[in-house]
Amino acid sequence: MRFVLTGGAGYIGSHVYRLLKERGHEVVVYDNLSHGHREAVEPSDLRVGDLHDTEKFREVLLSFRPDVVMHFAAFIEVGISTERPLEFFENNTVGTIRLVQAMMHTGVHHFIFSSTAAVYGHPERVPISEDARLTPVNPYGSSKVMVEEFLRSLSEWSSFRYVAIRYFNAAGAAEDGSIGEAHDPETHLIPLILKAAKGERPHITIFGTDFPTPDGTAIRDYIHVTDLAEAHLLAAEYLMDGGESQALNCGYSRGYSVREVIDTAKKVTGREFPVIEGDRRAGDPPALVADSSRMRTILGWKPTRDDLAYIIKTAWNWELNRRY
Ligand code: UDP
């Protein structure tokens with residue numbers, strides 16, 4: 001198959017890029033490199049361009065003629081979204097609508113959208129099924145819900161078809177250590193813990209120890225980025241086989257608390273580092289765990305890396321030998 005990946009030089013996009021190439025597919029990455037890394041993509045596959053440069057994006061679609069567009073390019077920092085909401089609606093919502101417009105105008109009708117567990121806000125029930133109410137509690141989550149609603153309606157009234165993958169907590173790195181997570185600023189738990197283990201940061205702060213969970217810290221469904229990448233390829237195959245448009249959760253359906261992640265990281269790295277108990281971060285729900293039965297049944301998704309120590313080990317290997 002032929003794929004265009006927007007944001008394919010970023011964390012999740014680059015792991016999908018790698019997997020698609022390994023499986024023999026043809027891939028063009030469209031990325032403005034504002035957050036992505038040139039080193040993550042072979043030069044001949046990279047087109048440097050902005051989401052808002054619709055002309056350029058149309059040219060890429062017309063010259064490459066992809067079967068499927070996968071859209072990773074987005075702002076992801078929840079905290080920043082509460083400070084600068086307009087930028088999130090402009091980039092994540094308006095940017096996606098423009099991109100889909102360019103697809104429709106050039107006859108490309110299959111779309112994989114990077115959605116998020118943040119669409120659920122504070123879920124009433126855990127594990128969370130796709131039918132749970134979408135009540136986002138920050139502009140980041142709202143910007144994604146608005147796109148999902150746009151996609152749902154568009155696919156109902158046109159030949160456009162999509163799968164929105166609602167990511168839980170992507171973590172880890174490629175097994176060979178060649179690509180991995182490299183956000184700036186970094187806000188995610190596992191890379192921050194590993195930077196403390198490495199001595200690059202003085203400590204790790206636990207955001208909240210008074211959640212209604214067994215050890216008082218927040219629970220998340222950490223999923224290895226390569227298993228998440230596999231879900232994208234399966235979703236593309238599903239659409240190409242005529243599968244119906246829908247949103248699917250992607251997680252392992254089990255959660256770990258912040259304390260459990262820290263303890264596992266200490267074991268995996270063999271390093272000690274200071275742990276500080278801090279206040280909750282605004283908007284953090286106590287527990288986000290996916291009910292991923294639909295993804296398993298509908299796409300035949302069979303994750304093979306559901307092991308927190310393994311996830312942290314791959315992230316640690318990357319952290320120790322980072323190329324960018
Ligand atoms: N977290 C923490 N300390 C940190 C960073 C994150 O305790 O320095 C917590 C955060 O409050 C959440 C969990 O770790 O409960 C995962 O956070 P992350 O930012 O990695 O992902 P999120 O679930 O917010 O998408």
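Quick look at the structure, then. (Residues numbered from 1 in each chain as written. Predicted model: local features only at pLDDT ≥ 70, side-chain atom pairs only at ≥ 80, totals over all residues.)

## Here we look at the site of the ligand
Next, step 1: What surrounds the ligand is a group of 15 residues, the closest being H188, L189, F207, A218 and V258.
Next, step 2: When contributions to the shell around the ligand are tallied by element, the ones reaching two or more residues are α6 (189-198) and β8 (204-207).
Next, step 3: Sort the elements by how many residues they give to the shell around the ligand and β8 lands first, with four residues.
Next, step 4: Its residues assigned to classes, the shell around the ligand shows eight nonpolar, four polar and three charged. (Near = placed C-beta within 6 Å. Helix = DSSP H or I, 4+ residues; strand = E, 2+ residues; numbered from the N terminus. Nonpolar A, V, L, I, M, F, W, Y, C, P; charged D, E, K, R; others polar.)

## Quick look at the packing of helix α1 (residues 11-22) against helix α7 (residues 225-240)
Next, step 1: For the pair α1 and α7, the least separation of the axes is 9 Å and the interaxial angle reads 65 degrees. Every pair of crossing elements has a handedness; the one defined by α1 and α7 is right-handed. Here α1 contributes I12, H15, V16, L19 and L20 to the contact with α7, which in turn contributes V225, T226, L228, A229, E230, H232 and L233. (Axes fitted to C-alpha atoms, helices over the stretch in contact; angles between N-to-C directions. Left-handed = near helix turned anticlockwise from the far one by under 90°. Contact = placed C-beta atoms within 7 Å.)

## Section: the sheet that holds strand β3 (residues 46-48)
Next, step 1: The seven strands lie next to each other as β3-β2-β1-β4-β5-β6-β11, forming an open sheet whose pairing is parallel. The strands lining the two open edges of the sheet, one partner per strand, are β3 and β11 (246-250). Each neighbouring strand pair of the sheet contributes to a mean axis angle of 20 degrees, computed without reference to strand direction.
Next, step 2: Taken together, the five bridges between strand β6 (residues 161-167) and β11 define a ladder with parallel strand orientation. Considered in β11, the bridge of A164 is made with A247. (Pairing = 2+ DSSP bridges.)

## Points about unusual backbone geometry
Next, step 1: Put simply, V126 and P127 share a cis peptide bond, and its omega is -5 degrees.
Next, step 2: Within the element layout of this structure, P127 appears in the loop between β5 (110-116) and α5 (139-156).
Next, step 3: Each neighbour pair has its own omega, and for D184 with P185 the value is 5 degrees, a cis peptide bond.
Next, step 4: Checked against the element boundaries, P185 lands in the loop between β7 (169-171) and α6.
Next, step 5: Phi angles above zero are rare outside glycine, and L33 is one such case at about 60 degrees.

## Some points on helix α10 (residues 308-320)
Along an α-helix, residues three or four positions apart point the same way, because every turn accommodates 3.6 residues.
Next, step 1: Under the 1.5 Å per step criterion, the end-to-end length of α10 is 18 Å for 13 residues, consistent within 8% with the ideal 18 Å.
Next, step 2: Residues of α10 that are buried sit in contact with β7, α6, β10 (222-224), β12 (256-257) and α8 (258-269). (Expected span 1.5 Å × (residues − 1).)

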